[in-house]
Amino acid sequence: RDALQLELGLSYAPTLVATSAPKNVKLIATALGFVTEDTFLWDDNQDLNGEPNVFITEKYAKMAGAEESELMYYLEHVLPTNSLTTEAVAFLSSATTYDS
């Protein structure tokens, strides 16, 4: 959220929704009570090209080594792996190599 606020020059951190299910921006926005015209998805999935409120991004391959180390350090201090539920670990472990 902070990165988006900084990059977009916003005066507040945006509300984000993360999903691994099929994406329908307007349906999700409506369900959460957001204004559909002000809700957007940035995704590298070319199958979503042309969908309303979707911006296609470049394919994301892998985080650079130093950035990955910094993120892992941050996550271990903010959300230590030993604090995750069994269900969360199972879900995260089920990701394909590309998704992880």
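The residue numbers shown here count from 1 along each chain, following its written sequence. Local features in a predicted model are, by the rule used here, given only for residues with pLDDT of at least 70; side-chain atom pairs are given and counted only at 80 or more, and totals for whole chains, interfaces and linings are based on all residues. Note that the side-chain values use all heavy atoms of the structure and ignore hydrogens as well as water.

Trainee: How should the environment of E68 be read in this particular structure?
Mentor: Numbering of helices and strands starts at the N terminus; helices are DSSP runs of H or I of at least 4 residues and strands are runs of E of at least 2. Turning to its location among the elements, E68 is positioned in helix α3 (residues 65-78). Only protein chains enter the accessibility calculation, which uses a 1.4 Å probe. A residue is then buried if its area is under 20% of the maximum for its type, exposed if over 50%, and partly exposed in between. Taking the relative accessible area as the measure of exposure, E68 reaches 33% and is therefore partly exposed. Contact criterion: two residues are considered in contact whenever any of their non-hydrogen atoms come within 4.5 Å of each other. Each residue touching E68, except ones within four places of it in the same chain, is listed here: K62 and M63.

Trainee: For this particular structure, what's the right way to read unusual backbone geometry?
Mentor: One non-glycine residue with positive phi stands out, namely N53, at about 65 degrees. Within the secondary structure, N53 is located in the loop between β1 (41-43) and β2 (54-56).

Trainee: Please clarify how the side chain of D43 should be interpreted in this entry.
Mentor: Looking at the element boundaries, D43 is found in strand β1. In this structure the side chain of D43 is engaged in a polar contact, spanning 2.8 Å, whose partner is the backbone nitrogen of N45. Beyond its immediate chain neighbours, meaning those up to four positions away, D43 contacts K23, L48, F55, I56 and T57. Polar contacts here mean pairs of N or O atoms no more than 3.5 Å apart (in protein, one a potential hydrogen donor and the other a potential acceptor; neighbouring residues in sequence count only if both atoms are side-chain atoms).

Trainee: Just to check I follow, could you spell out the packing of aromatic side chains for this structure?
Mentor: When we look at a pair of aromatic rings, we describe it by the centre distance and by the angle of the planes. By convention, a stacked pair of Phe, Tyr or Trp rings (six-membered ring in the case of Trp) has centres within 6.5 Å and planes under 30 degrees apart, an edge-to-face pair has planes over 60 apart, and any other such pair is tilted. Evaluated as defined, the whole model comprises 3 aromatic pairs. Taking 5.6 Å as the distance between ring centres and 45 degrees as the angle between the ring planes, the aromatic pair formed by F40 and F55 counts as tilted. Placement of F40 in the loop between α2 (25-31) and β1 and of F55 in strand β2 is noted, with a sequence separation of 15 residues between them. With centroids separated by 5.4 Å and ring planes inclined at 20 degrees, the aromatic side chains of W42 and F55 adopt a geometry described as stacked. Residue W42 is found in strand β1, and its partner F55 is found in strand β2; the two are separated by 13 residues along the sequence. Here a set of aromatic residues connected by ring pairs shows up, and it is made of F40, W42 and F55.

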